[in-house]
Amino acid sequence: MVSTIDNYDLSEHNTFGMKVRCARFLEYDRPQEIPEVLRLAAELPRHIHIGSGSNLLFTQDYDGAVLHCRAKGIKYMDMIDRVNLVVDAGMKLDDLVRITTDQGLWGLENLASIPGEVGAAVVQNAGAYGAEMGYRAMDVHAFDKQLGDTLYFPQWDCDFGYRTSMFKAPENKGRYIVHTVELLVYKFPCPNIEYPALKKVFEGRDPKSLTPAEVRDAVAAIRRDKLPDPAVVPSAGSYFKNPVVDREVYDRVVAAASGLTLPHYDMENGKVKIPAAWLIEQCGWKGKSLGPATVWHNQPLVITNPDRKAQPADIIALERAIAASVLERFGIELTPEVEKV
Ligand code: EPU
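Here the structure is a predicted model, which is why all the values come from computation and not from measurement.

## Observations concerning the domain arrangement of the chain
Per the domain assignment, the segments making up the chain are domain 1 (3-69), domain 2 (74-226) and domain 3 (235-340). Taking only C-alpha atoms into account, the centre of domain 1 sits 30 Å from that of domain 3. Counting residues at the interface gives 12 residues for domain 1 and 17 residues for domain 3. Overall, the association of domain 1 and domain 3 removes approximately 1100 Å² of surface from exposure, summing both partners, and the carbon and sulfur fraction of that is 59%.

## Here's the deal with the pattern of salt bridges
Enumeration according to the criterion identifies 21 salt bridges in this entry. With a closest N to O distance of 3.5 Å, R98 and D95 form a salt bridge. One end of the pair, R98, and the other, D95, are both in helix 2 (residues 93-102), 3 residues apart, so they sit about a helical turn from each other. On the basis of relative accessible area, R98 is assigned to the partly exposed category, the value being 39%. K340 is the partner of E319 in a salt bridge, and the nearest nitrogen-oxygen pair spans 2.8 Å. Placement of the pair is E319 in helix 9 (residues 312-330) and K340 in strand 20 (residues 339-340), with a sequence separation of 21 residues.

## Side note on the sheet that holds strand 5 (residues 62-69)
Taken in spatial order, the 4 strands make up an open sheet running 1-2-5-3, and their pairing is mixed. The sheet terminates laterally at strand 1 (3-9) and strand 3 (47-50), the two strands that pair on one side only. Between one strand axis and the next, the sheet turns by 25° as a mean value, whatever way the strands run. Packing against the sheet, helix 1 (residues 34-41) makes contact with strand 1, strand 2 (21-28), strand 3 and strand 5, and its axis sits at approximately 165° to strand 2.

## A closer look at unusual backbone geometry
With phi around 50°, D159 is a residue other than glycine that occupies positive phi space. When you line up the elements, D159 lands in the loop between strand 11 (149-154) and strand 12 (176-186). For D159, a relative accessible area of 54% puts it in the exposed group. Residue R308 is not a glycine yet carries a positive backbone phi of 60°. Relative to the assigned elements, R308 resides in the loop between strand 19 (302-304) and helix 9.

## Considerations on the site of the ligand
The environment of the ligand is made up of 24 residues, and the closest members are Y129, Y162, R163, Y195 and E281. Y195 has a polar side-chain atom sitting 2.4 Å from an oxygen atom of the ligand. Here an oxygen atom of the ligand sits 3.2 Å away from a polar atom, N or O, in the side chain of K226. A total of 820 Å² of accessible area belongs to the ligand in isolation, and the protein chains cover 83% of it.

## Thoughts on the sheet that holds strand 13 (residues 235-238)
Here 4 strands make up an open sheet; going across it, the order is 13-19-18-17 and the pairing antiparallel. Single-partner strands in this sheet number two, and they are strand 13 and strand 17 (289-290). Relative to strand 18 (residues 293-295), helix 9 is tilted by about 35°, and along the sheet it contacts strand 17, strand 18 and strand 19.

## Observations regarding the nonpolar core
Ranked by size, the top nonpolar core spans 46 residues in total, and within it F16, L279, I280, I303, I315, I322 and I332 carry the most contacts. Among the secondary structure elements, those contributing two or more residues to this core are strand 2, strand 3, strand 4 (56-57), strand 5, helix 7 (247-256), helix 8 (276-282), strand 18 and helix 9. No other element matches the 6 residues that helix 9 contributes to this core. Residues contacting I322, with those up to four places away along its chain left out, are F240, I280, W285, V295, I303 and L334. A126, L183, V185 and I222 belong to the second-largest nonpolar core, a separate cluster that totals 43 residues.

Reading guide: rules and limits
Residues numbered from 1 in each chain as written. Predicted model: local features only at pLDDT ≥ 70, side-chain atom pairs only at ≥ 80, totals over all residues. Heavy atoms only, no water. Domains from an automatic or database assignment. Contact = heavy atoms within 4.5 Å. Buried area = accessible area lost by both parts, 1.4 Å probe. Salt bridge = Lys/Arg side-chain N within 4 Å of Asp/Glu carboxyl O. Helix = DSSP H or I, 4+ residues; strand = E, 2+ residues; numbered from the N terminus. Buried < 20%, exposed > 50% of the residue type's maximum accessible area, 1.4 Å probe, protein only. Pairing = 2+ DSSP bridges. Axes fitted to C-alpha atoms, helices over the stretch in contact; angles between N-to-C directions. Near = heavy atom within 4 Å. Polar contact = N/O pair within 3.5 Å; in protein donor to acceptor, adjacent residues only side chain to side chain. Areas by Shrake-Rupley, 256 points an atom, 1.4 Å probe, with all protein chains shown as cover. Core = buried A, V, L, I, M, F, W, Y, C linked by side-chain atoms within 4.5 Å.

Here you go:
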C-alpha cells in the first residue's frame, strides 16, 4: 500500500532530531509500488528517497516529496555452507545483524548497532570495525527511474568504496532506488577481529571457538563506549569522513603535529587515511559546544544535538568551525560524511 501525508513533520525520520517538514511524505510496502510513488512525487518540484535518516541533515523545510520504503522482509536461500539472504531495503540493518547472528550465521556481526536501514546502508556502503556492506552485497536490485524498471547489479558493478557506491556517484544521484539486497553470509566460522579494539577483546581466544553473536555483542559494547546512544543523544554518527591523503600531505601533518604520534592507515593505492577524530581532537574540539551543537566527548568525529534545540544552521556553524580549525592547523580539508538535504 502507498500512503501519502502532506505537510509532514520529519522529526522522527532524521536522527539529528531536526524539526523540519516536507511538503509530502510517501511510504510504500512493495517495490512494485515504486512507479505509483514516483507519480505522486512528480506532482512536487523535487523528491528524495530516505532510509531512516541516520546520515542526513535537513537544512530547512523540504518543498518536495520524501519517499520511504516500509518493506522489511527477509528470504533465505540455503546453500551447503552459506546462505543467500534476500532482504528488503526497509529492514533495519541492526535487526538483520541480530537475526542472522542469532542463527549462527557469519558475515554481518561487525556491523552491529549501526543505525539505518539495509537499502541506505548499501548505497553509502556503511562500514565499521573492518567490515563493509559492500563485502556481503552480492546483488543489488534497484529501480532505475530513467528506464522505469528494476535492474540487478552484481557486486562488481556497484563500485563500493569508502562510504560510497555507484548508487551515490554524482552522475547517478537520484537515479536509482535500491529496494532489495542479496547478502551472502556463512555457516562456517570466519571472524574478522583484526580491528585493534576487537582484537583486544578476544586476545587469547581461539577464533574458531567464537560465535557471531559474541563478536556482535563485543562490537555493540565498543560502540556504546565510544558513540552516543542514538535513542538518547541525537546525531548522525560520524559527521566527517576520514581524509585519504597523499604521502607528502601525511608527512607534512606529522611535521605539524610537533612530536605527537599520528595514527594512520596505509591504503593499497599508496595513499594514507588519517583519522579525522584525531585531527579534530588536536584542534581542541573534543566535548566542546558551539551554541546548542556539541562535539561528542568520546569521539570527536560525531556532532550531536544533545538537547534537541539545535537548528540546522547551528550544526552547520559547528561543522564549519571544526573544518576551519583543521584546515588552518593541518592544511587538510575535511569532507562531511553526512548528506545535506
Ligand atoms: N581518535 C582520536 N580521538 C578520539 C577518538 C578516536 O584521536 O577521541 C583516533 C584514534 O587514533 C583512533 C582513530 O581515531 O585510533 C580511529 O577511531 P575509531 O576506531 O573510533 O574510528 P573512526 O575512524 O573515528 C570510523 C567510522 C565509524 C566506525 C569506526 C569503527 C568513518 C567516518 N567513521 O571512525 O563509523 O564506527 O571507524 O570502524 O569512517 C559512522 O560512519 O557513523 C561511524 C560511526
